[in-house]
Amino acid sequence: MEENRKSIAEMLGEFVRETALLVLVFVRDLLFRNPNPYPWVGILATVLLSGLLLTTGIMIERVRRG
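Residues numbered from 1 in each chain as written. Predicted model: local features only at pLDDT ≥ 70, side-chain atom pairs only at ≥ 80, totals over all residues. Heavy atoms only, no water.

**Side note on the environment of serine 7**
Line of reasoning, step 1. If you trace the backbone, serine 7 turns up in the segment before helix 1 (8-33).
Line of reasoning, step 2. Distance in space between the C-alpha atoms of serine 7 and tyrosine 38 is 42 Å, their sequence separation being 31 residues.
Line of reasoning, step 3. Side-chain polar atoms of serine 7 contact the backbone nitrogen of glutamate 10, separated by 3.2 Å. (Helix = DSSP H or I, 4+ residues; strand = E, 2+ residues; numbered from the N terminus. Polar contact = N/O pair within 3.5 Å; in protein donor to acceptor, adjacent residues only side chain to side chain.)

**Regarding the pattern of salt bridges**
Line of reasoning, step 1. Going through the model one piece at a time under the given rule, you end up with four salt bridges.
Line of reasoning, step 2. Close ionic contact of lysine 6 with glutamate 14 constitutes a salt bridge, the shortest N to O distance being 3.1 Å.
Line of reasoning, step 3. Glutamate 14 sits in the partly exposed class, given a relative accessible area of 22%.
Line of reasoning, step 4. Counted as one network, the salt bridges with shared partners bring together Glu10, Glu61 and Arg64. (Salt bridge = Lys/Arg side-chain N within 4 Å of Asp/Glu carboxyl O. Buried < 20%, exposed > 50% of the residue type's maximum accessible area, 1.4 Å probe, protein only.)

**Looking at the side chain of glutamate 10**
Line of reasoning, step 1. Looking at the element boundaries, glutamate 10 is found in helix 1.
Line of reasoning, step 2. A relative accessible area of 19% places glutamate 10 in the buried class.
Line of reasoning, step 3. With residues near it in sequence (within four places) discarded, glutamate 10 still touches Glu61 and Arg64. (Contact = heavy atoms within 4.5 Å.)

**Section: helix 1**
Line of reasoning, step 1. Spanning 26 residues, helix 1 covers 37 Å between terminal C-alpha atoms, matching the ideal 38 Å at 1.5 Å per step.
Line of reasoning, step 2. If you check which residues of helix 1 are buried, you get Glu10, Gly13, Val16, Ala20 and Val23. (Expected span 1.5 Å × (residues − 1).)

**What to know about the environment of tryptophan 40**
Line of reasoning, step 1. Considering the arrangement of structural elements, one finds tryptophan 40 in helix 2 (residues 39-65).
Line of reasoning, step 2. The class of tryptophan 40 is exposed, set by a relative accessible area of 55%.
Line of reasoning, step 3. A sequence separation of 14 residues divides tryptophan 40 from phenylalanine 26, and the C-alpha atoms of the two residues are 16 Å apart.

Any functional reading would require information that these geometric values do not contain.
Shown next as structure tokens:
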């Protein structure tokens, strides 16, 4: 039964990857709801943050698996 439990690194990796997707979706929604004279800045920042979170989650999983 202990063998089926997820490690902390595995759960953290999943959490960070899911956060990347949520940031992408919810921040995009906020950006298009509120008028902004420079929407490309918000879009670029959102994509970069989401990409950084996704990369971090993938790296955590790679280190965990060895």
